[in-house]
Amino acid sequence: IRPPHLLGTLYEDLVKAAPHLPEPALASCLLASARLALVRQRGSAVKMKQQCRVQDDLGDEVASAAAEVHVDSRVDGAGVLYGSFSDNRFLDAAEQRVQKVVGNFPARELTSIVLAYGLAQAGSRELFAVLQKACIERCRQFPMEQISSLLWSFATIRLGSSFFREVQFDLLERLGQLTVPAICDVLWSYCVVQH
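Quick caveat, the model's predicted, so the values are computed rather than measured.

**Observations regarding the environment of T111**
With respect to the helices and strands, T111 occurs in helix α5 (residues 107-120). Under the relative-accessibility criterion, T111 is labelled buried at 5%. Contacts of T111, omitting those with residues within four sequence positions, involve F142, Q146, S149 and L150.

**Regarding the nonpolar core**
Ranked by internal contacts, the top residues of the largest apolar core, which has 51 residues, are L30, F90, V98, Y117, L131, L151 and F154. In terms of residues, this core owes the most to one element, α5, which gives 9 residues.

**Let's talk about the side chain of R138**
Note on placement: R138 falls in the loop between α6 (125-137) and α7 (144-157). For the buried R138, no salt bridge is present, and the opposite-charge side chain at shortest range is E137, 6.0 Å distant. Excluding residues that lie within four positions of it along the chain, R138 makes contacts with V102, G103, F105, P106, A107 and L110.

**Things to note about unusual backbone geometry**
The phi angle at Q121 is positive, at roughly 50°, despite the residue not being glycine. Accessibility expressed as a relative area gives 57% for Q121, which makes it exposed.

**Some points on α5**
In this model α5 runs 20 Å from its N-terminal to its C-terminal C-alpha over 14 residues, within 8% of the 20 Å that 1.5 Å per residue would give. In the stretch just after α5, Q121 is the one whose phi turns positive, near 50°.

**Quick word on the packing of aromatic side chains**
All told, the structure shown has 4 aromatic pairs when counted by the stated rule. Look at Y117 and F128: their rings are 6.4 Å apart centre to centre, the planes differ by 85°, and that puts the pair in the edge-to-face class. In this pair, Y117 is assigned in helix α5 and F128 in helix α6, connecting sequence segments 11 residues apart. The two residues Y117 and F128 agree in class, both being buried.

**What about the environment of R97?**
Take R97: it is sitting in helix α4 (residues 89-101). Distance from R97 to L26, taken between C-alpha atoms, is 9.5 Å for residues 71 residues apart in sequence.

**Some words on the side chain of S153**
Among the secondary structure elements, S153 is positioned in helix α7. The exposure class of S153 is buried, given its relative accessible area of 0%. Of the polar contacts made by the side chain of S153, one reaches the backbone oxygen of S149; its length is 2.9 Å. Among residues more than four places away in sequence, those in contact with S153 are V114 and L115.

Basis of the calculations
- Within each chain, residue numbers correspond to sequence positions counted from 1 in written order.
- This being a predicted model, a pLDDT of at least 70 is required before a residue's local features are given, and a value of 80 or more before pairs of side-chain atoms are given or counted; all residues contribute to the totals for chains, interfaces and linings.
- Excluding hydrogens and water, the side-chain values take into account all heavy atoms of the structure.
- Numbered from the N terminus, helices here are DSSP runs of H or I no shorter than four residues, and strands are runs of E no shorter than two.
- For the exposure calls, accessible area comes from a 1.4 Å probe over protein chains only, and a residue counts as buried if that area is under 20% of its type's maximum, exposed if over 50%, partly exposed in between.
- Whether two residues touch is decided by their heavy atoms; if any such pair falls within 4.5 Å, the residues are in contact.
- What makes a nonpolar core is a set of buried Ala, Val, Leu, Ile, Met, Phe, Trp, Tyr and Cys residues whose side-chain atoms join them at distances within 4.5 Å.
- Counted as positive: Lys and Arg. Counted as negative: Asp and Glu. His and the chain ends are not counted at all.
- Take a side-chain nitrogen of Lys or Arg and a carboxyl oxygen of Asp or Glu: if they are within 4 Å of each other, that pair is a salt bridge.
- In this scheme, a helix's expected span is set at 1.5 Å multiplied by one less than its residue total.
- A pair of Phe, Tyr and Trp rings is counted when the ring centres sit within 6.5 Å of each other, with Trp represented by its six-membered ring. The angle between the planes then sorts it: under 30 degrees is stacked, over 60 is edge-to-face, the rest tilted.
- Pairs of N or O atoms are called polar contacts if they sit within 3.5 Å, as long as, within protein, a hydrogen donor faces a hydrogen acceptor (for residues adjacent in sequence, only side-chain-to-side-chain pairs).

Have a look at this one:
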């Protein structure tokens, strides 16, 4: 069994198990799935750039022939095209469950879930409304690093500024607890939502 085939098989099983996973495992799997989708997305972008360079260097006919030779390496054993920008089936399969049990997640897992959907740019507006409401209700429970991740995620989705308003004073009081990259995320996030 080749690694891409094994990964594809494991992922299929994970998608099927989404409704039955315990909450901490669900949060971890969501974040891992989003990161996998992001890696695939970046890999696709690199392959597309390489293909464009080949076209520029060799001309259209030779590039088309070269692309045909490599088609098999872009499809895994389950028939999933690695050139597709992302595979959010697990995130989609877990969405309704996340909405139902969002109150059961500790702050760290809630942060992982929001970050997962933000990274993958997946999930419905309803899901993000539920996630944002849960984060607002528990905003005092989050460590500063998690607040910066939540701000980045909500800014990426362009959901609105209610969470930003809720955490702004705590953020100013505890700004010294943030790392430089987290401060950059916070500043970028506030600029994006124009708050």
